[in-house]
Amino acid sequence: MAASSVKRERYREYTQFLRLSADRLNMSVAPARLERLQRQVNSERNTFLAWEVVWLLIGVACLMPALMLFAVEFSLPLPAPIAARAELLYFRLVSLQNGTAEFVAIGSTAIFLVSVGAAFAPIIAHGNAINDLEYTHRVLKAAARG
């Protein structure tokens, strides 16, 4: 727990450094510094975005079997191609008995919840740092425009 708070604090200090560097950027003195700062900020932003996208895609992929099983179980309307696949999945799992369909539905829903939690945990933990990165990105973008 203490290690994560130390990492969080160091990351916050790093993003504050980037923010101050962008605020103090003097284009007449150091135009090459703009490009370096943009690379650093874009790298950090892309890391955050990649984390979010990967975990949310995992969540959506894991939720699909549960939604298909629930739709067949409760006779919810689905588009024809998806309905055919959902019924096939449902009947294959029900034919195995042993509660396999319920296990798959509960398991995929649980994985969905965990992946959504993993996607949003960094946003909650590093909210101020993300704000600093976004502010810095906007300042650097404005400086590049002139």
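Residues numbered from 1 in each chain as written. Predicted model: local features only at pLDDT ≥ 70, side-chain atom pairs only at ≥ 80, totals over all residues. Heavy atoms only, no water.

Okay, the packing of aromatic side chains next. Taken as a whole and judged by the stated rule, the model has 4 aromatic pairs. The interplanar angle of 40 degrees and the centroid separation of 6.4 Å between the aromatic rings of Tyr11 and Tyr14 together place this pair among those described as tilted. Highlighted residues: Tyr11 and Tyr14, both in helix 1 (residues 2-23), separated by 3 residues, approximately one helical turn. Residue class for Tyr11 comes out buried when judged on its relative accessible area of 17%. When the centroid spacing of 5.8 Å and the interplanar angle of 55 degrees are considered together, the rings of Trp51 and Trp55 count as tilted. (Phe/Tyr/Trp six-rings, centres within 6.5 Å; stacked < 30°, edge-to-face > 60°. Helix = DSSP H or I, 4+ residues; strand = E, 2+ residues; numbered from the N terminus. Buried < 20%, exposed > 50% of the residue type's maximum accessible area, 1.4 Å probe, protein only.)

The next subject is the side chain of Ser21. By the secondary structure assignment, Ser21 is in helix 1. Excluding residues within four positions of it along the chain, Ser21 makes contact with Arg33 and Leu37. (Contact = heavy atoms within 4.5 Å.)

With that settled, the discussion passes to helix 5 (residues 127-145). Three or four residues apart is the spacing at which side chains of an α-helix point the same way, because the helix has 3.6 residues per turn. Look at helix 5: 27 Å from first C-alpha to last across 19 residues, which is about the 27 Å you get at 1.5 Å a residue. Residues of helix 5 that are buried include every one of Ala129, Ile130, Asp132, Leu133, Thr136, His137 and Leu140, and no others. Projected down its long axis, helix 5 shows its buried positions confined to an angular sector of 155 degrees, all on one face. Seen from the buried face of helix 5, the exposed residues on the opposite side, beyond 90 degrees, are Arg138 and Arg145. After helix 5 finishes, the residue Gly146 shows a positive phi value of roughly 120 degrees. (Expected span 1.5 Å × (residues − 1). Arc of directions from axis to C-beta.)

Secondary-structure assignment places Arg145 in helix 5. A relative accessible area of 68% places Arg145 in the exposed class. Measuring from C-alpha to C-alpha, the distance between Arg145 and Phe112 comes to 42 Å, with 33 residues separating the pair along the chain.

Inspection of the entire model under this criterion finds 4 salt bridges. Note that Arg19 and Asp132 form a salt bridge whose closest N and O atoms lie 2.8 Å from each other. Here Arg19 is found in helix 1, whereas its partner Asp132 is found in helix 5, with 113 residues between them in sequence. What makes Arg19 partly exposed here is its relative accessible area of 28%. You can call Asp132 buried: its relative accessible area is 3%. When salt bridges that share partners are traced, they join Arg12, Arg19 and Asp132 into one network. (Salt bridge = Lys/Arg side-chain N within 4 Å of Asp/Glu carboxyl O.)

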